[in-house]
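Each chain is listed here by its residues.
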Number of protein chains: 2
Amino acid sequence: MDPIDELIQLLARLPGIGERTATRLAFYVLGSEREYGAQLGASLSHIHSRVKRCVQCGNYGADEVCAICKDPRRDPSILCAVARVPDLVAIERAGSFRGRYFVLHGLLAPLDGIGPEKLPVDALVKRVKDDGVKELIVATPLSVEGEATALYLAQAMRPLGVRVSRIASGVPHGGELEFTDQVTLGRAFEGRREL
Amino acid sequence: MDPIDELIQLLARLPGIGERTATRLAFYVLGSEREYGAQLGASLSHIHSRVKRCVQCGNYGADEVCAICKDPRRDPSILCAVARVPDLVAIERAGSFRGRYFVLHGLLAPLDGIGPEKLPVDALVKRVKDDGVKELIVATPLSVEGEATALYLAQAMRPLGVRVSRIASGVPHGGELEFTDQVTLGRAFEGRREL
């Protein structure tokens, strides 16, 4: 296969990158310094071996145990379950959560053949017991899969007597009611709070 | 530097890829098979050494001389000057040009310090003489830089007695006059042809 075509095909497998964009990126790399292609190439080639999954929470990090799990200032009694590491990064960026995390690395998706046995529920149960977790906040997406996963986790946690909560759903900050979809508006009304 | 941050920074140097998209891409690679990161990494690392610039026209290819310059069915008397290889690829895709190419790998841009001495004019003059070129079609972009380069090339070719032409500028296929900018409309009127 032609090396340029090969590079274009590989780049086009990235999410949101079509063949047109992949072509532009490939020619950009070809037109830049040889050093840049080499650096980016090495970074991609070695990313899986340089980055480890935290044995306690599934977050990415340089060591066996991630920086958040190691941090003694984080409250071990509140655990936040997320679907993917970028969700954890977004919550950290928001800066309002001071507990610890558990990354599921997936969601229930029965239509795609992803059933409960694919979720790391045993590891989550162990973590809840080991850390004496009092509340599990389920911060999976507000999608069908995210909601199904939240309900499943709530059920699985029942024998442990741990409180399980779900992040709020409603009209986002700055959102116009006029342009908000029906499901979100319905949830915003259901979840209304007294002032 | 953290390996994930490093990968994000390198990806964010690609054109049209901001830090947000770079983050999404980096996590996508981390979440896929190790094999994919390795393949894409190797492809990027070796692209500069696997792809050569054609010594005759500057096009990319696997050999010293590119497939187009080698093709005996291409008319050597018509040469098309383009700024970049993707422009050549686009013209080839359109399929209406049967001559050969000359890739400038740049455009005049005095504001960015790119003067005539950075353009491969000597090589172009040599090519025109060696191949007995009768017409040089300047297919640089219809931008300020592209137009300046076209005028400069026309001047540089004058002593050779070769005919120099410029691709037409006007309203694109399917274009609505209502939404066409003033410069394009002006050019469309200037370049009008008798029916």
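The rules behind the values
- Residues numbered from 1 in each chain as written.
- Chains lettered and ligands numbered in written order.
- Predicted model: local features only at pLDDT ≥ 70, side-chain atom pairs only at ≥ 80, totals over all residues.
- Heavy atoms only, no water.
- Helix = DSSP H or I, 4+ residues; strand = E, 2+ residues; numbered from the N terminus.
- Rg over C-alpha atoms; globule rule 2.2 N^0.38 Å.
- Buried < 20%, exposed > 50% of the residue type's maximum accessible area, 1.4 Å probe, protein only.
- Contact = heavy atoms within 4.5 Å.
- Areas by Shrake-Rupley, 256 points an atom, 1.4 Å probe, with all protein chains shown as cover.
- Lys, Arg positive; Asp, Glu negative; His and termini not counted.
- Charge placed at Lys NZ, Arg CZ, Asp CG, Glu CD.
- Least-squares fit on C-alpha atoms with pLDDT ≥ 70 in both.
- 1 Å grid on protein atoms, 1.4 Å probe; cavity = no way out; pocket = protein on both sides within 12 Å on 5 of 7 lines; lining within 4 Å.
- Points joined across faces, edges and corners; volume = space filled by probe spheres on them.
- Nonpolar A, V, L, I, M, F, W, Y, C, P; charged D, E, K, R; others polar.
- Pairing = 2+ DSSP bridges.
- Axes fitted to C-alpha atoms, helices over the stretch in contact; angles between N-to-C directions.
- Core = buried A, V, L, I, M, F, W, Y, C linked by side-chain atoms within 4.5 Å.
- Domains from an automatic or database assignment.
- Salt bridge = Lys/Arg side-chain N within 4 Å of Asp/Glu carboxyl O.
- Buried area = accessible area lost by both parts, 1.4 Å probe.
- Polar contact = N/O pair within 3.5 Å; in protein donor to acceptor, adjacent residues only side chain to side chain.
- Right-handed = clockwise from strand over helix to strand, strands pointing away.

Q: What exactly am I supposed to notice about the overall build of chain A here?
A: Regarding its fold elements, chain A presents eight helices and six strands. Reading chain A from its N terminus to its C terminus gives the helix and strand order α-α-α-β-β-α-β-α-β-α-β-α-β-α. Computed over C-alpha atoms, the radius of gyration of chain A comes to 21 Å, more than 25% over the 16 Å expected from 2.2 N^0.38 for 195 residues, which places it beyond the range of a compact globule. Its C-alpha atoms give chain A principal-axis dimensions of roughly 60 × 45 × 35 Å. Sorting the 195 residues of chain A into buried and exposed places 39% on the buried side. When contacts within chain A are restricted to residue pairs at least 6 apart in sequence, those whose partners lie at least 24 apart make up 50%. A total accessible area of about 11,400 Å² is found for chain A, and carbon and sulfur atoms account for 53% of it. Once the 25 positive and 25 negative side-chain charges of chain A are each reduced to a mean point, those two points are 6 Å apart.

Q: What is the right way to read the relation of the copies chain B and chain A from this model?
A: There are two copies of the chain, and a rotation about an axis plus a shift along that axis relates them. Laying chain B over chain A is done by rotating through 180 degrees and shifting 0.0 Å along the axis; what remains is an RMSD of 0.1 Å. On the angle and the small slide along the axis, the relation comes out as a two-fold axis. Minimal C-alpha distance to the rotation axis in chain B is attained by G41 of chain B, lying at 1.9 Å. Comparing interface residues between copies, 100% of those in chain B also lie at the interface in chain A; the contact surface is shared.

Q: Looking at this structure, how should I read the layout of surface pockets?
A: Here the idea is plain: a probe the size of a water molecule rolls over the atoms and shows the empty space left. Of the volumes computed, that of the largest pocket is approximately 760 Å³. As for the largest pocket, its lining consists of 29 residues, and the residues nearest its centre are V89 and R93 of chain A together with I8, T23 and F27 of chain B. Those elements that provide at least two residues to the lining of the largest pocket are strand 2 (60-61), helix 4 (67-70) and helix 5 (85-94) of chain A together with helix 1 (3-11) and helix 2 (19-31) of chain B. Broken down by element, the residue count for the lining of the largest pocket peaks at seven residues, all from helix 5 of chain A. Partitioned by chemical class, the residues of the lining of the largest pocket number 16 nonpolar, four polar and nine charged.

Q: When you look at the sheet that holds strand 5 (residues 135-138) of chain B in this model, what are you seeing that I'm missing?
A: Strand pairing in a sheet is mediated by backbone hydrogen bonds. Such pairs are either parallel or antiparallel. All names here are of chain B. If you trace the four strands from one edge of the open sheet to the other, you get 4-3-5-6, paired in parallel fashion. The outermost strands of the open sheet, each flanked by one partner alone, are strand 4 (100-103) and strand 6 (163-166). Geometrically, the sheet is characterised by an average inter-axis angle of 25 degrees between neighbouring strands, direction not taken into account. One ladder, built from four bridges, connects strand 3 (residues 78-82) with strand 5; its direction is parallel.

Q: Please explain the nonpolar core as it appears in this structure.
A: As a rule of thumb, soluble globular proteins bury nonpolar side chains together. Within the largest apolar cluster, 66 residues are counted, with the highest numbers of intra-cluster contacts made by I4, L11 and L40 of chain A together with L11 and L40 of chain B. Ignoring anything within four residues of it in the chain, the contact list for L40 of chain B reads L7, L10, L11 and L44 of chain A.

Q: Explain the domain arrangement of chain A here, please?
A: Many analyses report the size of an interface as the accessible area lost when the parts associate. With domains assigned, chain A is organised as domain 1 (3-50) and domain 2 (73-166). Between the C-alpha centres of domain 1 of chain A and domain 2 of chain A the distance comes to 34 Å.

Q: Would you mind showing me how to read the pattern of salt bridges here?
A: Considering all chains together, one arrives at 18 salt bridges over all chains under this definition. In this structure, R163 of chain A and E135 of chain A form a salt bridge, with 3.6 Å as the shortest nitrogen-oxygen distance. Here R163 of chain A, found in strand 6 (residues 163-166), pairs with E135 of chain A, found in strand 5 (residues 135-138); they are 28 residues apart in sequence, far enough to count as distant. Using a relative accessible area of 55% as the deciding quantity, one classes R163 of chain A as exposed. Judged by relative accessible area, which is 17%, E135 of chain A ranks as buried. D131 of chain B serves as the salt-bridge partner of R127 of chain B, at 2.9 Å between the closest nitrogen and oxygen. With R127 of chain B and D131 of chain B both in helix 6 (residues 121-131), this residue pair falls four residues apart, about one helical turn. Overall, D131 of chain B belongs to the partly exposed group, its relative accessible area being 24%. Salt bridges sharing partners connect three or more residues here, namely E147, R166 and R187 of chain A.

Q: Can you walk me through the interface of chain B and chain A in this structure?
A: In this complex, chain B contributes 41 residues to the contact, which on the side of chain A involves 41 residues. Carbon and sulfur atoms make up 71% of the area that chain B and chain A hide from each other, which totals about 4,200 Å². Inspection of the chain B/chain A interface yields 13 residue pairs in polar contact (both at pLDDT 80 or more). At the level of secondary structure, the elements contributing two or more residues to the side of chain B that touches chain A comprise helix 1, helix 2, helix 3 (34-50) and helix 5 (85-94) of chain B.

Q: Got a minute to help me understand the pairing of strand 5 of chain A in this structure?
A: Walk down a regular strand and you will see the side chains alternate between the two sheet faces. All names here are of chain A. Along strand 5, one buried face is formed by E135 and I137 and the opposite face, lined by L136 and V138, is buried too. As defined by bridge partners, strand 5 adjoins strand 6 across four bridges and the pair is classed as parallel. Opposite V138, over in strand 6, you have R166 as the bridge partner. Crossover connection from strand 5 via helix 7 (residues 144-157) to parallel strand 6: handedness right-handed.

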